Amino acid sequence: MTAVQIAVVGAGPAGLAAAGEARAGGAHVLLIEERPALGGRAMMVPGARGLTEGLMRDLGGTEAWRGSPVWGLFGRTLAVLRGERVETVTAQIVILTTGAREVILPFPGWTLDGVMTVEAGWEAVRAGRVGAETGPVSVVGDAEAGGLAGRLAERGAAVTLIGAKRPAGVPDAVSHEPGTITAAEGSGAIDRVVLASGATHACRMLCVESPRVPATELARLAGCPCVYQPLLGGFVPRYDRTFALHGPTPALFVAGDASGVDSPRAAAESGRLAAKYALRSLGLLPDPEVKIEESRKRLAAASIPLHARAREALAVGAVPDEVVERWVGPPDTIVCPCEAVSAGALQAAFDDGARTPDDLKRMTRCGMGLCQWRRCGTPVMRWLSGALEVPIGRLSLPRIRPPVRAIPLSALATGGPFPRQD
């Protein structure tokens, strides 16, 4: 068992900033990241990489565990998979900077090999898996999709950008097709896309700009309630103005996109602010009120204005406007790719009385696969909101249990014991 003063979970801009700030304040800090490299999504997207590299330099001698998914949170004890063993970390304070992930809203053919999010497209570029031999590539979306399209073209791929308009700065080598896609087609792997106009394009790789959804699994596992705020990406955990999470366990903080999607710089500033509040609670922050107020001003300056207002309203307990969300598509469209559950299967379960995500899970197996709702949770919640004609924020979220990441059964024998989750 490892014992530290502050454990930071997630090494994107928020986690890097929080860990660096906490270490500079004199705390014993451990930074835990599930990917092999630090930096998160910001290392892949142009415009944020310089920020992230600077934050990594500020880490100094901070201890960092790479390639180590956190699969459980029991009070302030973290269950971490390191290699093939489970290790436990106890902390006086835990800061969750788990970020947000892109979630494709289902359409016919979205589960074919070669269909991915824009973020996954950036990962392919960074890993050197894209070139002239890739074949024709389609990228769907606006500004961020345009940036990826330009980079793919630089690597020699034949790229078509599909969207309402051509973003500024997209190179001439990228062709543009106005409109939207309605389907991807192919046998096992994508070989063409179908547009709403009826036109088709040959395609071997399709990157779809998709909503980014806060990763709240660990906060929910800790018993923190969530509220639906569309401006912040969907369901976000409840926290106060110090970024301390509501719930049964004190000294749990949240920062970055896990607290609501915003700019990379805002994520970093929220991480610094959360770390300052953590240092204050440990008695390690001189002149705390002055330093915290300065940090709050930097966060406000770095934030997207509407997102900053939504975050402040959430922190003081405001309830967002209630909205009925919808997902509509052909009944044979796969909604849960892990278990191959279609929209028609969801409708059949609804007709048989399913009224919650857990009802749908029991009756169709949606959410029971390896991803544990991470790919299908958002579309299922939207579908259910529309089917019930009930604001999505009033729906119960799927019940969550550890492990929140897939781990080998053999690894469970190497850690624990852990508290029972009833």
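The structure under discussion appears in the preceding block.
Residues numbered from 1 in each chain as written. Predicted model: local features only at pLDDT ≥ 70, side-chain atom pairs only at ≥ 80, totals over all residues. Heavy atoms only, no water.

A. Seen up close, the packing of aromatic side chains. Summed over the entire model, instances satisfying the criterion amount to four aromatic pairs. When the ring of Tyr228 is compared with that of Phe235, the centres are 5.0 Å apart and the planes differ by 65°; the resulting orientation is edge-to-face. No difference in accessibility class separates Tyr228 from Phe235, as the two residues are buried. Between the aromatic rings of Tyr239 and Phe243, the centroid separation amounts to 5.4 Å while the plane-to-plane angle is 10°, which identifies the pairing as stacked. Taking the ring centre of Phe350 as reference, the NZ or CZ of Arg355 above it sits at 4.0 Å. (Phe/Tyr/Trp six-rings, centres within 6.5 Å; stacked < 30°, edge-to-face > 60°. Buried < 20%, exposed > 50% of the residue type's maximum accessible area, 1.4 Å probe, protein only. Lys NZ or Arg CZ within 6 Å of the ring centre and 35° of its normal.)

B. How the structure looks around the sheet that holds strand 8 (residues 115–117). Reading across from one edge, 8-15-9-10-11 is the order of the five strands in this open sheet, with parallel pairing throughout. Every interior strand has two partners, whereas the edge strands, strand 8 and strand 11 (175–178), have only one. For this sheet the average axis-to-axis angle between neighbouring strands, irrespective of direction, equals 25°. Taken together, the three bridges between strand 8 and strand 15 (residues 205–208) define a ladder with parallel strand orientation. When the sheet's bridge partners are listed, Met116 is paired in strand 15 with Cys207. Strands in contact with helix 3 (residues 118–126) are strand 8 and strand 15; relative to strand 8, the strand with the most contacts, it is inclined by about 100°. (Pairing = 2+ DSSP bridges. Helix = DSSP H or I, 4+ residues; strand = E, 2+ residues; numbered from the N terminus. Axes fitted to C-alpha atoms, helices over the stretch in contact; angles between N-to-C directions. Contact = heavy atoms within 4.5 Å.)

C. Region of the structure containing the nonpolar core. Among the nonpolar cores identified, the biggest contains 64 residues, and Ile6, Leu78, Val89 and Ile95 are the most heavily contacted of them. The element contributing the most residues to this core is helix 6 (residues 264–281), with eight residues. With residues near it in sequence (within four places) discarded, Ile95 still touches Ile6, Ala7, Val8, Val9, Ala18, Phe253, Ala274, Ala275 and Ala278. Residues Ala124, Val130, Val139 and Val170 belong to the second largest nonpolar core, which totals 22 residues. (Core = buried A, V, L, I, M, F, W, Y, C linked by side-chain atoms within 4.5 Å.)

D. Quick peek at the state of the cysteines. One pass over the full model with this rule turns up zero disulfides. Cys226 takes part in no disulfide bond, and the closest cysteine sulfur, belonging to Cys224, lies 5.7 Å away. Free cysteine Cys336: the closest other cysteine sulfur is in Cys376, separated by 4.0 Å. (Disulfide = S-S within 2.5 Å.)

E. Geometry of the pattern of salt bridges. With the rule as written, the count across this model stands at 23 salt bridges. Close ionic contact of Glu119 with Arg35 constitutes a salt bridge, the shortest N to O distance being 2.9 Å. Of this pair, Glu119 sits in helix 3 while Arg35 sits in the loop between strand 2 (29–32) and helix 2 (49–57), placing them 84 residues apart in sequence. A salt bridge links Arg311 to Asp262, with the shortest nitrogen-to-oxygen separation between them at 2.9 Å. Taken as a pair, Arg311 in helix 8 (residues 305–315) and Asp262 in the loop between strand 19 (252–254) and helix 6 lie far apart in primary sequence, 49 residues in all. The buried category is assigned to Arg311, whose relative accessible area is 7%. What makes Asp262 buried here is its relative accessible area of 7%. A single network of salt bridges, built from pairs that share partners, joins Arg35, Arg41, Glu119, Glu123 and Glu144. (Salt bridge = Lys/Arg side-chain N within 4 Å of Asp/Glu carboxyl O.)

F. Looking closely at the environment of Arg220. Position of Arg220 relative to the elements: it lies in helix 5 (residues 217–221). Apart from the residues within four sequence positions on either side, Arg220 is in contact with Cys226, Leu397, Pro398 and Ile400.

G. Quick peek at the sheet that holds strand 14 (residues 200–202). Spatially, three strands are ordered 12-13-14 in an open sheet, and the strand pairing comes out antiparallel. With one partner strand each, in any of the chains shown, strand 12 (181–185) and strand 14 form the two edges of the open sheet. Taken pair by pair, the neighbouring strands of this sheet meet at an average axis angle of 20°, ignoring direction. Bridging between strand 12 and strand 13 (residues 192–195) involves four bridges; their strand directions are antiparallel. Paired with Ala184 across the strands is Val193, a residue of strand 13.

H. Summary view of helix 2. Looking only at helix 2, the buried set comprises Leu51, Thr52, Gly54 and Leu55. In an axial view of helix 2, the angular spread of the buried residues amounts to 160°, which keeps them on one side of the axis. Exposed and facing more than 90 degrees away from the buried side of helix 2 are Gly50 and Arg57. (Arc of directions from axis to C-beta.)

I. Helix 6, seen in detail. Taking 1.5 Å per residue as the helical rise, helix 6 with its 18 residues ought to reach 26 Å, and the 26 Å between its terminal C-alpha atoms agrees with that figure. Counting buried positions over the 18 residues of helix 6 gives 14, a clear majority of the element. Gly283, located one to two residues past helix 6, shows a positive phi value of around 75°. (Expected span 1.5 Å × (residues − 1).)

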